[in-house]
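Chain by chain, the residues run as shown.
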Amino acid sequence: MATIKEIAALAGVSRGTVDRVLNNRGSVNPATAEKINEIAKALDYKPNKAGLVLAAQKKKLKLGVILFSADNPFFADVLKGVNEKAQDLAGYNCTVLVKQIPINVDAQLRAIDELMCEEVCGIALAPHNDDRIRIRINELYQQGIPVITLNTDIENSRRIAYVGSHYTKSGATAAGLLKLMMHDEVHIGIITGASDILCHTERIAGFTETLKPYRDRMHIVSIVETHDDEIESYEQTALLLKAHPEINALFFAAGGVYGGCRAISSLGLSTKLCAIAFDKADTTEQFLREGILSAVICQQPRTQGKKPLELLFAYLTSGELPEKEYNYTAVDIRILENI
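(A) Seen up close, the side chain of R203. Residue placement: R203 occurs in helix α9 (residues 198–211). Among buried charged residues, R203 stands out as having no salt bridge; its nearest opposite-charge side chain is D279, 4.8 Å away. From its side chain, R203 meets the backbone oxygen of A253 in a polar contact 2.7 Å long. The contact partners of R203, leaving out residues within four places of it in the chain, are Y167, S170, G171, F251, A253, A254, F278 and Q299.

Dropping the structure here:
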C-alpha cells in the first residue's frame, strides 16, 4: 500500500505538503495539488483510517450546525438527531456547536461568522438559496472548511454533499395524493415559507408539474409566503381563505402548519377542505385526528440531523468525499390510520 512518504518522493515535495493536499488542509499551489492527487490515485492510496481517527481525537475537531427556527417542530426533531450524533462524536474528542436562526440571510451569514470565530473544522447548514450564502460556502471550501447542506440545498455551490428530502418528488407526491382524494373541481391554495429557500420552491415545482395534465379541473388559485412563522401563517391563511371562498384544498409546502390549521379551524372550514402538509409532529398528528389535515409527508428529521455530522467527521478524518453527493431520505406518507 502506498504511503505519504512515497507520494512525497514521487511528487518532489514534503510529506507535510502531501498531507495538506490529501486531507484538504491549508492552501497548496493548484498545480502541485493536482500532481499529488494524480499520484495518489495512480498508486491507489488509502488513508489509515484507524490512525486518522486517533489523530482526530488529538486535534479536538469542532463541527458547526446551523438550523432554522426552534419554533418549527420539524427542526426540533432534526436537533434531536444532531444531539444524538454529537454524543457519539464526543467519544472522539469532537464537539458540535449549534446555531438556530430565523429565516433570514443576514442571520445565517452572522451564524457562519460566529462559528468561524469558534474555529470549527466543518459546517452543516440548511442554507438560503442566495448568492451571498453561495459565495460564503465557496470561500469556506477554499479555506479548507467543508460544508454539507441539510434539509434544503443550494445551487451552484461547493458544498460537498446534501442530506434531505428529494423535494421535487415529495411535492409531486402531495399532488398525487390530492388527485386521489378529490375527484371534482379543485381550487388549491398553497402556503409556503420563502421563495429563497430551495426546498420550498422545489416542492411547489414538483406539485405544479404533476398537476399540469389535470389543469382542466385542478387549479392553483394563489401562493402565499409565511416564512415558517405560525402567527404569520395564521393571518395569511385566514386572509387567503376569506378572499377565495372557492378554495377547497390547501397545500402547506413548508412550516407554519400549526398557524394555518388553526385558521382553518377558526373559520369552520375543517370539513370543507382537503389539506396536505409535511412532517410528523405532535401538532400534525393532532390535526390529522381532528380531520383538519388529510395527510402528511414525512422526511426523517433525525437522519437529517445525524448524517451530515457523520459525513463531515468521515471527511475530516479520512479526506475522502462522501460516497454520494445527494443523500435522500425516504418519502413517507402518513394518514390518520398509520400516524
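Anyway, onward from the coordinates.
(B) How the structure looks around the sheet that holds strand β6 (residues 186–192). Spatially, six strands are ordered β7-β6-β8-β9-β10-β12 in an open sheet, and the strand pairing comes out mixed. A single partner strand is all that each edge strand has here, and the edge strands are β7 (218–225) and β12 (332–334). Strand-to-strand twist of the sheet, defined as the mean angle between neighbouring strand axes without regard to direction, takes the value 20 degrees. Here helix α10 (residues 230–243) sits on the sheet in contact with β6, β7 and β8 (249–252), set at roughly 145 degrees to β7.

(C) Quick peek at the state of the cysteines. All chains considered together, the criterion is met by zero disulfides. C261 forms no disulfide, and the closest cysteine sulfur to it belongs to C274, at a distance of 12 Å. Classification of C261 as buried rests on a relative accessible area of 0%.

(D) Broad picture of helix α12 (residues 282–289). Residues of α12 that are buried: T284, F287 and L288. Buried residues of α12, viewed axially, fall in a sector of 105 degrees; they line one side. Exposed residues lying more than 90 degrees from the buried face of α12 are D282 and R289. Looking at the buried positions of α12, the neighbouring elements they touch are α11 (257–266), β9 (274–278), β10 (295–298) and β12. Following α12 by one or two positions, G291 has its phi on the positive side, about 80 degrees.

(E) Representation of the sheet that holds strand β2 (residues 95–101) within the structure. On the basis of which strands lie adjacent, the open sheet formed by six strands has the order β2-β1-β3-β4-β5-β11 and parallel pairing. Only two strands of the sheet have a single partner each, and these edge strands are β2 and β11 (326–328). Neighbouring strand axes in the sheet, compared pairwise and without regard to direction, differ in orientation by 15 degrees on average. Bridge count between strand β4 (residues 147–150) and strand β5 (residues 161–164): three bridges; the pairing is parallel. Residue pairing in the sheet places T149 in a bridge with Y162 of β5. Packed onto the sheet, helix α5 (residues 73–90) meets β1 (62–68), β2 and β4 and runs at close to 165 degrees relative to β2.

(F) Quick look at the nonpolar core. Ranked by internal contacts, the top residues of the largest apolar core, which has 49 residues, are I66 and I123. For I66, the residues in contact, after removing those within four places along its chain, are K99, I101, Q108, A111, I112, L115, I123, A124, L125 and A126. Ranked by size, the runner-up nonpolar core spans 21 residues in total, among them I191, C261, I264 and F287.

(G) Structural context of the pattern of salt bridges. With the rule as written, the count across this model stands at 17 salt bridges. Between E84 and K306 there is a salt bridge, with its nearest N and O atoms 3.0 Å apart. Of this pair, E84 sits in helix α5 while K306 sits in helix α13 (residues 301–318); the two residues are 222 residues apart in sequence, bridging distant segments of the chain. Residue class for K306 comes out partly exposed when judged on its relative accessible area of 34%. Put simply, E84, R302 and K306 are held in one network by salt bridges that share partners.

What counts, and where the lines are drawn
- Residues numbered from 1 in each chain as written.
- Predicted model: local features only at pLDDT ≥ 70, side-chain atom pairs only at ≥ 80, totals over all residues.
- Heavy atoms only, no water.
- Helix = DSSP H or I, 4+ residues; strand = E, 2+ residues; numbered from the N terminus.
- Buried < 20%, exposed > 50% of the residue type's maximum accessible area, 1.4 Å probe, protein only.
- Lys, Arg positive; Asp, Glu negative; His and termini not counted.
- Salt bridge = Lys/Arg side-chain N within 4 Å of Asp/Glu carboxyl O.
- Polar contact = N/O pair within 3.5 Å; in protein donor to acceptor, adjacent residues only side chain to side chain.
- Contact = heavy atoms within 4.5 Å.
- Pairing = 2+ DSSP bridges.
- Axes fitted to C-alpha atoms, helices over the stretch in contact; angles between N-to-C directions.
- Disulfide = S-S within 2.5 Å.
- Arc of directions from axis to C-beta.
- Core = buried A, V, L, I, M, F, W, Y, C linked by side-chain atoms within 4.5 Å.

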